[in-house]
Amino acid sequence: MFYKASIYIANILEQQNKFTSEDKEIYRYGIQQGLNLALNILTTILIGALCGMLYPSILFLICYMPLRSFCGGYHAKTHIRCYIYSVIMITGILLVAKYLTFNILVYEILVLMSLIAIFLLAPIEDKNKVLDSDEKRVFRKRSCIIAVLEILIYHIFVITHFTNSYKILSTALFSLSILMIIGRIKNYIQRRNMHVSINH
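What you are looking at is a predicted structure, and each value in this text was computed from that prediction instead of being measured.

Conventions we followed
Residues numbered from 1 in each chain as written. Predicted model: local features only at pLDDT ≥ 70, side-chain atom pairs only at ≥ 80, totals over all residues. Heavy atoms only, no water. Axes fitted to C-alpha atoms, helices over the stretch in contact; angles between N-to-C directions. Helix = DSSP H or I, 4+ residues; strand = E, 2+ residues; numbered from the N terminus. Parallel < 35°, antiparallel > 145°, perpendicular 65-115°, else oblique. Contact = heavy atoms within 4.5 Å. Nonpolar A, V, L, I, M, F, W, Y, C, P; charged D, E, K, R; others polar. Patch = residues over 30% accessible without salt bridge, like charges linked within 9 Å, V, L, I, M, F, W, Y side chains within 5 Å. Areas by Shrake-Rupley, 256 points an atom, 1.4 Å probe, with all protein chains shown as cover. Salt bridge = Lys/Arg side-chain N within 4 Å of Asp/Glu carboxyl O. Buried < 20%, exposed > 50% of the residue type's maximum accessible area, 1.4 Å probe, protein only. 1 Å grid on protein atoms, 1.4 Å probe; cavity = no way out; pocket = protein on both sides within 12 Å on 5 of 7 lines; lining within 4 Å. Points joined across faces, edges and corners; volume = space filled by probe spheres on them. Core = buried A, V, L, I, M, F, W, Y, C linked by side-chain atoms within 4.5 Å. Polar contact = N/O pair within 3.5 Å; in protein donor to acceptor, adjacent residues only side chain to side chain.

Caption draft 1: Quick look at the packing of helix H5 (residues 104-121) against helix H6 (residues 133-159). Direction vectors running N to C along H5 and H6 enclose 170 degrees, while the axes themselves pass 9 Å from each other. The angle between H5 and H6 places the two elements in the roughly antiparallel class. Listed contacts from H6 to Ile104, Tyr107, Glu108, Val111, Leu115, Ile118, Phe119 and Leu120 of H5 are Arg140, Ser143, Cys144, Ala147, Val148, Ile151, Tyr154, His155 and Val158. When the residues that make up the contact of H5 with H6 are grouped by side-chain class, the tally is 13 nonpolar, 2 polar and 2 charged.

Next comes the structure, spelled out in structure tokens:
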């Protein structure tokens, strides 16, 4: 998504001498990613408004995006698929938070499982985002710190009876942990298939 738009914007910036020709592709990719991010943010807020869950949708973004950037996890093959999956996931999370209420023990279990997954698995690499050893260490540390802070905030919401807020936070953490597990499984299958093809 936004590939042609990113080329157009990069060409304009190049003509204005904002960067050299050698760096054009780097800037173009950054512009494309920025446009994708902006679309996802606006879509989440729009879905939240349509569901009558505007504040929870903003809270979801604030909690989910920093962890997602450092924890990694499953990524769809194309930006369009990623966008569609994100819309489905966000809509589902907001509707579940709005219409379903479980025992507080259920949310505590979800949060605990999420914390364990983050501490054990983060960060999950993707073929388009390969990390060296130093980056893995930094990403892992930041993932754990953010997760702990968000769980503290979650418990503040529980204590102060902000029901929608702690429901959104717990489900955001849990959905992230699921994407991490799927991402780890996907990476394992890809490595195994590559190993088999090399041996044959």
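Caption draft 2: Representation of a nonpolar patch on the surface within the structure. A cluster of nonpolar side chains, Leu95, Val96, Tyr99, Leu100, Phe102 and Val106, forms an exposed patch at the surface whose accessible area comes to about 530 Å². The element that contributes the greatest number of residues to the nonpolar patch is helix H4 (residues 79-99), accounting for 3 residues. Tracing the backbone shows Leu95 in helix H4. Overall, the relative accessible area of 35% leaves Leu95 in the partly exposed class.

Caption draft 3: Structural view of the pattern of salt bridges. Enumeration according to the criterion identifies 2 salt bridges in this entry. Among the salt bridges present, the one from Glu125 reaches Lys136, with a minimum N-O distance of 3.5 Å. Placement of Glu125 in the loop between H5 and H6 and of Lys136 in helix H6 is noted, with a sequence separation of 11 residues between them. Classification of Glu125 as partly exposed rests on a relative accessible area of 22%. According to the relative accessible area criterion, Lys136 is partly exposed, its value standing at 36%.

Caption draft 4: Layout of empty space enclosed by the protein. What the rule picks out here adds up to 1 cavity of 30 Å³ or more. Taken as a whole, the largest cavity encloses approximately 70 Å³ of empty space. Along the walls of the largest cavity sit 13 residues, with Gly72, Ile124, Glu125, Asp126 and Lys129 positioned nearest its centre. The element that contributes the greatest number of residues to the lining of the largest cavity is helix H3 (residues 54-71), accounting for 3 residues.

Caption draft 5: Molecular detail of the nonpolar core. Ranked by internal contacts, the top residues of the largest apolar core, which has 36 residues, are Leu67, Ile118 and Met180. It is helix H7 (residues 163-199) that provides the largest number of residues to this core, a total of 8 residues. Excluding residues within four positions of it along the chain, Ile118 makes contact with Leu67, Cys71, Arg140, Ser143, Cys144, Ala147, Leu173, Leu176 and Met180.

Caption draft 6: Representation of the environment of Asp126 in the model. With respect to the element layout, Asp126 can be found in the loop between H5 and H6. The class for Asp126 is buried, based on a relative accessible area of 14%. Separated by 57 residues in the primary sequence, Asp126 and Gly183 place their C-alpha atoms 7.8 Å from one another. Leave out the neighbours within four places in its chain, and Asp126 touches His75 and Lys186.

Caption draft 7: The arrangement of unusual backbone geometry in detail. The residue after Ala122, namely Pro123, is reached through a cis peptide bond having omega -5 degrees. With respect to the secondary-structure elements, Pro123 resides in the loop between H5 and H6. Not every positive phi belongs to a glycine, and His161 is a case in point at roughly 65 degrees. Here His161 shows up in the loop between H6 and H7.

Caption draft 8: Representation of the environment of Ser143. By the secondary structure assignment, Ser143 is in helix H6. Classification of Ser143 by relative accessible area gives buried; the value is 0%. A C-alpha to C-alpha distance of 22 Å links Ser143 and Asn36, two positions 107 residues apart in sequence. Residues within four places of Ser143 in sequence aside, it is in contact with Leu67, Phe70, Cys71, Ile118 and Ala122. Separated by 3.5 Å, the side chain of Ser143 and the backbone nitrogen of Cys71 make a polar contact. Among the polar contacts made by the side chain of Ser143, one reaches the main-chain carbonyl oxygen of Phe139 at a distance of 2.7 Å.

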